[in-house]
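Single-letter residue listing:
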Amino acid sequence: MDLVERIKDSLNTIKGLPARVRIGYMQPDNAIGLYPLPGSSTIDEDWAGNETRRMNYEVSIRTKDQQLANECMWRLSDYLAQLDDLPSADSSYQFEDIEQTGLPSVSEEDEQGYSVYMLDFFVEIIVNNRKDD
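Computed from a prediction, not measured in an experiment: that's the story for all the values here. Position numbers for residues start from 1 in each chain and track the written sequence from start to end. Under the rules for a predicted model, residues below a pLDDT of 70 receive no local features and side-chain atom pairs below 80 are neither given nor counted, while totals for whole chains, interfaces and linings still include all residues. Only hydrogens and water are set aside when side-chain values are computed; all heavy atoms of the structure are taken into account.

**What to know about the overall build of the protein**
Stated formally: Each helix is a run of DSSP H or I of at least 4 residues and each strand a run of E of at least 2, with the numbering of both proceeding from the N terminus. Per-residue accessibility, obtained with a 1.4 Å probe over protein chains only, is compared with the maximum for each type, and a residue is labelled buried under 20%, exposed over 50%, and partly exposed between these values. Whether two residues are in contact is decided by their heavy atoms, any of which lying within 4.5 Å being enough. Residue burial considers only the protein chains on display, and all accessible areas are found by Shrake-Rupley using a 1.4 Å probe. His residues and chain termini do not enter the charge count, which takes Lys and Arg as positive and Asp and Glu as negative. Charge positions come from single atoms, namely NZ of Lys, CZ of Arg, CG of Asp or CD of Glu.
Helix and strand content of the protein: 2 helices and 7 strands. Along the protein, helices and strands appear, N-terminal first, in the series α-β-β-β-β-α-β-β-β. Judged by the C-alpha coordinates and their principal axes, the protein covers about 55 × 25 × 25 Å. With 133 residues in all, the protein has 44% of them scored as buried. Considering only contacts within the protein whose residues lie at least 6 apart along the sequence, 64% involve residues at least 24 apart. Of the roughly 7600 Å² of accessible surface on the protein, 43% is carried by carbon and sulfur atoms. With 12 positive and 26 negative side-chain charges, the protein shows a spacing of 7 Å between the two charge centroids.

**Section: the pattern of salt bridges**
Pairing of side chains with opposite charge becomes possible as their charged atoms draw close. Quick note on the threshold: Put simply, a salt bridge is a Lys or Arg side-chain nitrogen that is within 4 Å of an Asp or Glu carboxyl oxygen.
Using the criterion set out here, one finds 6 salt bridges in the structure. Across the pair Asp2 and Arg6 runs a salt bridge whose closest N-O atoms are separated by 2.7 Å. Judged by relative accessible area, Asp2 falls into the buried class, the value being 6%. Across the salt bridge formed by Arg6 and Asp9, the nearest N and O atoms sit 2.6 Å from each other. Note that Arg6 and Asp9 are positioned in helix H1 (residues 3-11) at a spacing of 3 residues, about one turn of the helix. Of the residues examined, Asp9 reaches a relative accessible area of 32% and is grouped as partly exposed.

**Some words on the nonpolar core**
Keep this limit in mind: For this analysis, a nonpolar core means a set of buried residues of the types Ala, Val, Leu, Ile, Met, Phe, Trp, Tyr and Cys, connected via side-chain atoms within 4.5 Å.
Counting residues in each nonpolar core, the largest one holds 29 residues, and the members touching the most others are Leu3, Ile7, Tyr57, Leu76, Phe121 and Val123. The residues contacting Phe121, other than those within four sequence positions of it, are Ile7, Leu34, Met55, Asn56, Tyr57, Glu58, Val59, Leu80, Ile98, Glu99, Gln100 and Thr101.

**Here's the deal with the side chain of Ser92**
Defined as follows: Whenever two N or O atoms come within 3.5 Å, that pair is a polar contact, provided that in protein one can donate a hydrogen and the other can accept it, and provided that, for residues adjacent in sequence, both atoms are side-chain atoms.
Topologically, Ser92 is positioned in the loop between helix H2 (66-82) and strand S5 (94-100). What makes Ser92 buried here is its relative accessible area of 17%. Separated by 2.6 Å, the side chains of Ser92 and Asp90 make a polar contact.

**Some remarks on the packing of aromatic side chains**
We count it as follows: Put simply, two rings from Phe, Tyr or Trp (the six-membered ring, in Trp's case) pair if the centres are within 6.5 Å, and we call them stacked under 30 degrees between planes, edge-to-face over 60, tilted for the rest. A positively charged side chain is recorded as over a ring if its NZ (Lys) or CZ (Arg) lies within 6 Å of the ring centre. The angle to the ring normal must also be within 35 degrees.
Per the counting criterion, the structure on display carries 2 aromatic pairs. Judged by centre distance (5.3 Å) and plane angle (50°), the rings of Tyr25 and Tyr35 are tilted. Note that Tyr25 is positioned in the loop between strand S1 (21-23) and strand S2 (31-36) and Tyr35 in strand S2, a separation of 10 residues in sequence. The ring of Phe122 carries Arg54 above its face, with NZ or CZ at 4.2 Å from the centroid. In this structure, Arg62 is placed above the aromatic ring of Tyr114, and the distance from its NZ or CZ to the ring centre is 4.2 Å.

**Observations concerning unusual backbone geometry**
With a phi close to 60°, Ser91 is a non-glycine residue in the positive phi region. With respect to the helices, strands and loops of the structure, Ser91 is situated in the loop between H2 and S5.

**Points about H2**
We apply this condition: Helix span, as expected, comes to 1.5 Å for every residue beyond the first. This arc is taken over the directions from the axis of the helix to the C-beta atoms.
Spanning 17 residues, H2 covers 25 Å between terminal C-alpha atoms, matching the ideal 24 Å at 1.5 Å per step. Along H2, the residues classified as buried are Leu68, Ala69, Cys72, Met73, Leu76, Ser77 and Leu80. Projected onto a plane normal to the axis of H2, the buried residues spread over an arc of 165° and lie on a single side. Residues of H2 that are exposed and point more than 90 degrees away from the buried face comprise Gln67, Ala81 and Gln82. In this fold, the buried residues of H2 make contact with H1, S2, strand S4 (51-63), S5 and strand S7 (115-127). Among the residues of H2, the N-terminal cap falls to Asp65, whose side-chain oxygen and the backbone nitrogen of Gln67 are separated by 3.2 Å.

Written out as structure tokens, the structure is:
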């Protein structure tokens, strides 16, 4: 399933981000990470085996520039709030909905002065699991 790649590609169309979004946990120096969170689940399944799934994700930035992080996270939040389609490139899912589960927030600051800002959201999709013989 190519969902996380499509999210990444979609987020990377946003102008003015300090770095490209990449899949995986964030690194120092204004890196933006996108990664799955625990708690994703199948919320429904039909007789044909098609599953409605709620997939939890987080996007985060680690930087020493808190103003930059705040602006970046709000830009991402605004974009996700308006996103109404996220088609699969390999037809592995059908997009249903995307919803933020909170607003951008600062999570921590380490001893080196790096702050972590994050934004959590879920994507609801339908996965066609029917096996054609």
